[in-house]
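Reading the structure
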Amino acid sequence: MKKKVLLAGMSTLLAFGLTGCGDKADSANGSKSSGDKQTVHVAALESAYGKDMWNKVIDSYEKANPKVDVELTVDKNLEEVISPNMKAGKYPDVVLLATGRKLALTETLIKDKALEDITDVFDMKVYGEDVKVKDKLVPGFTETLATNPYNDGKTYMAPMFYSPTGLFYNTGLMKEKGWEVPKTWDEMWALGDKAKAEGISLFTYPTTGYFDAFFYSLLLEVGGPDFYNKAMTYEDGIWETPEATKAFEIVEKLAKYTAPTTVANANDKDFTKNQQLILDNKALFMPNGTWVVGEMKDAPRADGYEWGMTALPAIKDGGDQYAFTFFEQMWIPAQSKNKDAAKDFLTFVYSDKAADIFAKAGAIQPVEGISSELSGDNKLFYSIYDNGAKAGMGGFAATDAVEGVNMADTLFGTINSIVSGDKTVKEWQTSVEKVSDQLRAASK
Amino acid sequence: MNKAAEKRLFVFVCTAPALILLTIFMLLPTAEVFRMSLYKWGGFSNEKVFVGFDNFKILWNDLNFFRSLQNSIVLIVIVTLITMVMAILFAFMLTREKIKGNSFFRIIFYIPNILSIVVIAGIFSAVYDPTTGLLNNLLGLFNLENLQKMWLGNQKIAIYSIGGALVWQAIGYYMVMYMSSIASIPESYYEAASLEGAGRIRQFFSITLPLIWNNIRTTLTFFIISTINLSFLLVQAMTGGGPDGSTEVFLSYMYKQAYTNSSYGYGMAIGVVIFLFSFFLSAVVSLVTKREVLEY
């Protein structure tokens, strides 16, 4: 008898232990509404701009809209925090997470068609204001492959914080040596030889991932917007055209001017050592974004160091110079349970109040009149387009997943091999075209 | 209740919790890996398409996978060989020889083992740094500039640099395992051997090695499993598989496909291959090293 009790006791204990977790998970479900209040779960990536601005924006939204409770998740590794719940069917309602991240969560959802169509949001009025969202946005931002990934005129991602990218350098060093910032690639090579004579490398890059904006700008320069869009939508043979060949050759030549230690440090762990080369006056230019200033703010630097940023040199004298605009995106998962409330919130992030809070933290949205909010280094960086540089936007079009095939790895990752001499440009070009073929077959 | 039934019940009750946990956390997920390898699935949507053995067919033609497989095999072979030889040697020296600072060395050798793999990655990226790194500066000190290398930048040697870090962290652990079995060999064997005129080297090959053979066999399986696992962690933390995929090992390739290339099903197919590979390799190693166990 005793043993039966024991057995029963142990089984209950075990069962209890196993179900314990399940209960807790249920009550933590973010999309339940308590009373007449609705809960919106906002998940945002904590980037260089910090966490605080999100708390402030949420506070201000809750004040403006008392019917809503916002549950906020902000994390540096947002993917790792929200994906387990998403796999279990618990989706956040609004997510700020850009494409181009290593874990590619946003890309995965695009490929799975798991994003909500938010085209109507841009015709809605900004929450608490009498202006439509689209009238606040700077034109052009919602017509790119980075917001309309399927290239079908429907918008799935809202443009958020943007940042011009370009080549970063030390203005102090250029002044000291009396060097001009090159306007064409020919001037660039001439400068490279001059710098070499003084033991300075012309070029370095943090990791090959930073070549995305660089290469996109280069494609725009060699072939213009039409050519660029064809490349981004995997048109047949596009990577073997003379224009593309020109772009590949420029990178090949640049590889010869690249600081010798670059490849060894071009990984997620040591990339700051490459950035340090610029601060130490050991290399002249690197492709980067405006966040690098904050990222390296505590790093030691050469005397008289001053950040400078330039668009990519033009192909020929008087040609277009491009500075690619990188922007983060905000989107609503198709599986969100409070889509309407989520859309309301999405309009609110473009309100004057929110834009002001974001801008104070250095996060600049593409809304009209934001330039008056800029200060310090940012003033210089964001003025790059006033000084004649053209803006490029959007990346590769979305396709179905192709096993074992990755455009970023092939197009950008291979640059390490070009610099170290393990692969020839011809091999690189051929493999990019092959990947493009495979992805075209998988595009919608 | 009769005795036999009572005993059966007792055994059942005692093992049930472990068995249930094993089923839920080991057997079911493993079965799930096998099942998912037959689907095309991004990882999030509800749309799972059954594709049969398609993922395996793609895998067969995937040169990047074969490169990662090659890297993994290289690591398993060199890490096992070097670590085993050195660990046995150090274990023999520290147990059989009267060396000053004996226990000090034991601690020193064991320390890498208690460090997290991320810390080890940090230490070694400092050691391998091309300009300020310990290794290149040491070579410079001895005027061996021509041996200075981009340890993590040169695609031909980057995988060996990873192997070096793995050896460094593994030696202490295996040394302690070998030491414990060497220490339990009766002293009288060595005494008798030295009376017969056997030198240290002879003693090592004729007494120590045969008597710890069973222990070595066990550690061989450990070597295979731990190298597969730790090489993934180290590669993730140190190079991310770069430059240009030259340090990719098969687990990191699987991770990349499953979680960053939206090909979860394909990743699971790689998982199945790795699973079978490590099982098969362990079985082969265990078979070819089978000897009659010597008792003492």
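Residues numbered from 1 in each chain as written. Chains lettered and ligands numbered in written order. Predicted model: local features only at pLDDT ≥ 70, side-chain atom pairs only at ≥ 80, totals over all residues. Heavy atoms only, no water.

Considerations on the overall build of chain A
When you go through chain A residue by residue, the secondary structure sums to 18 helices and nine strands. Taking 444 residues into account, the globule formula puts the C-alpha radius of gyration at 22 Å, and chain A, at 25 Å, falls close to it. C-alpha atoms of chain A, sized along the principal axes, occupy 90 × 60 × 45 Å. Taken across its 444 residues, chain A has 55% of its residues classed as buried. For chain A, the share of sequence-separated contacts (at least 6 apart) that also reach a separation of at least 24 residues comes to 75%. About 19000 Å² of surface is accessible on chain A, with carbon and sulfur atoms providing 50% of the total. Computed over 49 positive and 64 negative side-chain charges, the separation of the two mean positions in chain A equals 6 Å. (Helix = DSSP H or I, 4+ residues; strand = E, 2+ residues; numbered from the N terminus. Rg over C-alpha atoms; globule rule 2.2 N^0.38 Å. Buried < 20%, exposed > 50% of the residue type's maximum accessible area, 1.4 Å probe, protein only. Contact = heavy atoms within 4.5 Å. Areas by Shrake-Rupley, 256 points an atom, 1.4 Å probe, with all protein chains shown as cover. Lys, Arg positive; Asp, Glu negative; His and termini not counted. Charge placed at Lys NZ, Arg CZ, Asp CG, Glu CD.)

Considering the overall build of chain B
Secondary structure summary: chain B contains 12 helices and two strands in total. Projecting the C-alpha coordinates of chain B onto the three principal axes gives extents of approximately 80 × 75 × 30 Å. Expressed as a percentage of its 296 residues, the buried residues of chain B come to 44%. Taking as baseline every contact in chain B between residues at least 6 positions apart, the subset at least 24 positions apart corresponds to 66%. Split by element, the accessible area of chain B, about 15900 Å² in all, is 69% carbon and sulfur. Computing the positive centroid from 20 side-chain charges and the negative centroid from 15, chain B places the two 4 Å apart.

Some points on helix α3 (residues 63–96) of chain B
One full turn of an α-helix is made of 3.6 residues, so residues set three or four places apart face in the same direction. The terminal C-alpha atoms of α3(B) lie 49 Å apart, and with 34 residues this matches the ideal 50 Å at 1.5 Å per residue to within 8%. For α3(B), the capping residue at the N-terminal end is Asp62(B), with a side-chain oxygen 3.1 Å from the backbone nitrogen of Asn64(B). (Expected span 1.5 Å × (residues − 1). Polar contact = N/O pair within 3.5 Å; in protein donor to acceptor, adjacent residues only side chain to side chain.)

Some words on the pattern of salt bridges
Residue and element names in this part refer to chain A. Within this structure, the stated rule accounts for 25 salt bridges over all chains. When the shortest N-O distance is used, the salt bridge between Lys-360 and Asp-356 registers 3.1 Å. Residue Lys-360 and its partner Asp-356 are both found in helix α14 (residues 352–360); the two are separated by four residues, about one turn of the helix. In this structure Lys-360 comes out as exposed when scored by relative accessible area, which is 67%. Residues joined in a network through salt bridges with shared partners are Glu-129, Lys-136 and Asp-352. (Salt bridge = Lys/Arg side-chain N within 4 Å of Asp/Glu carboxyl O.)

Examining the packing of aromatic side chains
Where two aromatic rings form a pair, the distance of their centres and the angle of their planes describe that pair. Tallying each qualifying case throughout the model produces 57 aromatic pairs over all chains. Residues Phe215(A) and Phe248(A) carry aromatic rings whose centres are separated by 5.7 Å and whose planes lie at 55° to one another, so their mutual orientation is tilted. Taken as a pair, Phe215(A) in helix α8 (residues 211–232) and Phe248(A) in helix α9 (residues 242–256) lie far apart in primary sequence, 33 residues in all. Assessed through its relative accessible area of 0%, Phe215(A) is described here as buried. Classification of Phe248(A) by relative accessible area gives buried; the value is 1%. Ring centres of Phe92(B) and Phe204(B) lie 4.9 Å apart, and the angle between their planes is 70°; this geometry places the pair in the edge-to-face category. With Phe92(B) in helix α3 and Phe204(B) in helix α9 (residues 200–211), this residue pair connects regions lying 112 residues apart in the sequence. As far as the burial class goes, Phe92(B) and Phe204(B) line up, both buried. Three or more aromatic residues joined by ring pairs make a cluster, and in this case those are Phe215(A), Tyr216(A), Tyr228(A), Tyr234(A), Trp239(A), Phe248(A), Phe324(A), Phe396(A), Phe412(A) and Trp428(A). Over the ring of Tyr257(A) we find Lys196(A); its NZ or CZ atom is 5.7 Å from the centre of that ring. (Phe/Tyr/Trp six-rings, centres within 6.5 Å; stacked < 30°, edge-to-face > 60°. Lys NZ or Arg CZ within 6 Å of the ring centre and 35° of its normal.)

Notes on the confidence of the model for chain B
Mean pLDDT over chain B works out to 93, with 100% of the residues at or above the 70 mark. Across the interfaces of the predicted complex, the ipTM metric reaches 0.87, alongside a pTM of 0.86. (pLDDT = per-residue confidence, 0-100.)

Remarks on the UniProt feature "transmembrane region" (unreviewed entry) in chain B
Residue and element names in this part refer to chain B. Those residues carrying the UniProt feature "transmembrane region" (unreviewed entry) are residues 9–28, 73–95, 107–128, 157–176, 220–243 and 263–288 in this numbering. Annotation note: span residues 73–95, helix share 100%, strand share 0%, distance between end C-alpha atoms 32 Å. The span residues 263–288 is 96% helix and 0% strand, and its two end C-alpha atoms sit 37 Å from each other. (UniProt positions renumbered as here; feature names shortened; annotations may be inferred.)

Re the UniProt feature "domain: ABC transmembrane type-1" (unreviewed entry) in chain B
Mapped onto the present numbering, the UniProt feature "domain: ABC transmembrane type-1" (unreviewed entry) falls at residues 69–285 of chain B. Along residues 69–285 of chain B one finds 76% helix and 0% strand; the C-alpha atoms at either end are 18 Å apart.

Overview of α8(A)
All names here are of chain A. Taking 1.5 Å of rise per residue, the 22 residues of α8 would be expected to cover 32 Å, yet its terminal C-alpha atoms sit only 15 Å apart, more than 12% below that figure. Along its length, α8 shows its largest kink, about 120°, at Gly-224, and proline Pro-225 lies within four residues downstream of that point. The element α8 is extensively covered by neighbouring structure, given that 16 of its 22 residues are classed as buried. One or two positions beyond α8, positive phi appears at Tyr-234, with a value near 60°. (Bend = angle between axes of the 7 residues up to and from the residue.)

Let's talk about unusual backbone geometry
Peptide bonds are mostly trans, and most non-glycine residues show a negative phi. Cis geometry is adopted by the peptide bond preceding Pro243(B), which originates at Gly242(B) and carries an omega value of -5°. Along the chain, Pro243(B) falls in the loop between α10 (213–238) and α11 (250–260). One non-glycine residue, Tyr234(A), adopts positive backbone phi at about 60°. Structurally, Tyr234(A) is set in the loop between α8 and α9. Given the relative accessible area of 3%, Tyr234(A) is considered buried.

Focus on a negative patch on the surface
All names here are of chain A. There is a patch of like negative charges on the surface, built from Glu-180, Asp-186, Glu-187 and Asp-317. Mapped onto the secondary structure, Asp-317 falls in the loop between β7 (307–310) and β8 (322–331). Assessed through its relative accessible area of 68%, Asp-317 is described here as exposed. (Patch = residues over 30% accessible without salt bridge, like charges linked within 9 Å, V, L, I, M, F, W, Y side chains within 5 Å.)

Here's the deal with the domain arrangement of chain A
Residues and elements named next belong to chain A. If you check the domain split of chain A, you get domain 1 (23–163 + 329–373) and domain 2 (165–324 + 398–441). Each of domain 1 and domain 2 has a C-alpha centre, and the two are 31 Å apart. Of the residues lining the interface, nine residues belong to domain 1; the matching set on domain 2 comes to 12 residues. In total, about 760 Å² of surface goes out of reach between domain 1 and domain 2, with carbon and sulfur atoms giving 53% of it. (Domains from an automatic or database assignment. Buried area = accessible area lost by both parts, 1.4 Å probe.)

Some words on the interface of chain A and chain B
Residue-level contacts link 42 residues of chain A with 44 residues of chain B. Of the roughly 3500 Å² buried between chain A and chain B, counting both surfaces, carbon and sulfur atoms make up 56%. By the criterion of area lost to chain B, the three top residues of chain A are Lys87(A), Lys269(A) and Glu403(A), representing 18% of everything that side buries. Taken together, the links from chain A to chain B amount to four salt bridges. A salt bridge links Lys273(A) to Asp129(B); the shortest N-O distance between them is 2.7 Å. Of the residues belonging to the side of chain A that touches chain B, the class tally is 16 nonpolar, 13 polar and 13 charged. (Nonpolar A, V, L, I, M, F, W, Y, C, P; charged D, E, K, R; others polar.)

Notes on the environment of Ile78(B)
Residue and element names in this part refer to chain B. Note that Ile-78 resides in helix α3. Ile-78 sits 88 residues away from Leu-166 along the chain, and the two C-alpha atoms are 9.9 Å apart. Those residues in contact with Ile-78 that lie beyond four places of it in its chain are Thr-83 and Tyr-160.

Some points on the side chain of Thr247(B)
Residue and element names in this part refer to chain B. For Thr-247, the position within the fold is in the loop between α10 and α11. Within the structure, the side chain of Thr-247 is placed 2.7 Å from the backbone oxygen of Gly-242, a separation counted as a polar contact. Non-local contacts of Thr-247, meaning those with residues more than four positions away in its chain, are made with Asn-71, Ala-158, Ile-159, Ile-162, Val-235, Thr-239, Gly-241 and Gly-242.

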